[in-house]
Amino acid sequence: MRLAVCIALPLICLLAACTGKDSNTEEIELVANTQAPSFELKDLQGQTRSLQSFAGKTILLNFWATWCGPCIAEIPALIRLQTKLGSEKFQVLSISVDSDPQALAGFIKANAVNYPVLIDPDYQAVRRYGVQGFPETFIIDRDGRLQAIADTEEGRSLVRIVRDRPWDSEAYLKILQEIIAK
C-alpha cells in the first residue's frame, strides 16, 4: 500500500498540495492561541528533539516530503526566510515523512537546507496535527501557542496553511515579524 502511495502521489503533487496522509490520520481542528501539540522526533543525526526544545522562539512548523513537488518548490523560500529572520528568536522547523533517512540526508545536503529537519516516517506528529496534505504549515509563537495568520493566498485568517507559499515575501515577513515582536 505505501509503495503504491509513493508511486501515485508525485503525479498528484504536480497539480496541488500532496495528500500523503495515512488511513489513521483524521482531521483535527486546531484553534488559534491554544498550545501546539507536542512531539518528540529524531533529527538526521539521530538526536531526539521535541517542540519544547525550541521554546522561546517563533516557529514556522512545516510538514513535507521529498516526493511532494509543492514541498520541494517551497524549500528555497524557507531557506531564505530562515536566513532573513535568523535563529535567535525565530526558527523554521520541518518534519519530513520520508522513510529513508539516508536519502533524506542527501536531499537536505544537496539543497543546502539551513534549518532543522525532523523525521516522522510513522506519522506520529502528522496525526497529532491532523495533517491532511503536504506541504502543511503552522505558526507557533514563542509561548508554544498556535497562531492564526492572515494568509495572503487564501485571503482569510488560518491556523493550518495548506500548499506551498512564498514564505520569504514581504507580506509573510511582515506577518512573522509581528508575531516575533509580541
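For the structure itself, look to the data block above.
### Some remarks on the environment of R160
Part 1 of the reasoning: Secondary-structure assignment places R160 in the loop between strand 9 (156-158) and strand 10 (161-162).
Part 2 of the reasoning: With 131 residues separating them along the chain, R160 and E29 place their C-alpha atoms 9.0 Å apart.
Part 3 of the reasoning: The contacts of R160, once residues within four sequence positions are left out, are I28, L30, Y129, G130, V131, E136, T137 and F138.
Part 4 of the reasoning: Engagement of the side chain of R160 in a polar contact is seen with the backbone oxygen of G130, the distance being 3.0 Å.
Part 5 of the reasoning: Within the structure, the side chain of R160 is placed 2.5 Å from the side chain of E136, a separation counted as a polar contact.

### Some remarks on the nonpolar core
Part 1 of the reasoning: If you look at the biggest cluster of nonpolar residues, it comprises 55 residues, and the most contacted ones within it are F39, L61, F63, Y129 and F134.
Part 2 of the reasoning: Looking at this core, the elements that each hand over two or more residues are strand 3 (58-64), helix 2 (69-85), strand 4 (90-96), helix 3 (101-110), strand 5 (117-119), helix 4 (124-129), strand 6 (136-140) and helix 5 (170-181).
Part 3 of the reasoning: In contact with L61, not counting residues within four places along its chain, are F39, L93, I95, Y129, E136, T137, F138 and I140.

### Points about the packing of aromatic side chains
Part 1 of the reasoning: Applying the stated criterion to the full structure yields 7 aromatic pairs.
Part 2 of the reasoning: Where W67 meets F134, the ring centres are 5.9 Å apart and the plane angle is 85°; that geometry is what we call edge-to-face. Of the two residues, W67 sits in the loop between strand 3 and helix 2 while F134 sits in the loop between helix 4 and strand 6, which places them 67 residues apart along the sequence.
Part 3 of the reasoning: The buried category is assigned to W67, whose relative accessible area is 17%.
Part 4 of the reasoning: Each residue in the set F39, F63, Y129 and F138 is aromatic and connected to the rest through ring pairs, giving one cluster.

### Concerning helix 2
Part 1 of the reasoning: In this model, helix 2 (17 residues) spans 25 Å end to end at C-alpha, consistent with the 24 Å of a helix rising 1.5 Å per residue.
Part 2 of the reasoning: When helix 2 is considered as a whole, its buried residues turn out to be P70, C71, E74, I75, A77, L78, I79, L81, Q82 and L85.
Part 3 of the reasoning: G86, located one to two residues past helix 2, shows a positive phi value of around 70°.

### A short note on the pattern of salt bridges
Part 1 of the reasoning: With the rule as written, the count across this model stands at 9 salt bridges.
Part 2 of the reasoning: We note a salt bridge from E136 to R160, for which the minimum N-O separation is 2.5 Å. Of this pair, E136 sits in strand 6 while R160 sits in the loop between strand 9 and strand 10, and the two are 24 residues apart along the sequence.
Part 3 of the reasoning: Overall, the relative accessible area of 0% leaves E136 in the buried class.

Conventions adopted
Residues numbered from 1 in each chain as written. Predicted model: local features only at pLDDT ≥ 70, side-chain atom pairs only at ≥ 80, totals over all residues. Heavy atoms only, no water. Helix = DSSP H or I, 4+ residues; strand = E, 2+ residues; numbered from the N terminus. Contact = heavy atoms within 4.5 Å. Polar contact = N/O pair within 3.5 Å; in protein donor to acceptor, adjacent residues only side chain to side chain. Core = buried A, V, L, I, M, F, W, Y, C linked by side-chain atoms within 4.5 Å. Buried < 20%, exposed > 50% of the residue type's maximum accessible area, 1.4 Å probe, protein only. Phe/Tyr/Trp six-rings, centres within 6.5 Å; stacked < 30°, edge-to-face > 60°. Expected span 1.5 Å × (residues − 1). Salt bridge = Lys/Arg side-chain N within 4 Å of Asp/Glu carboxyl O.

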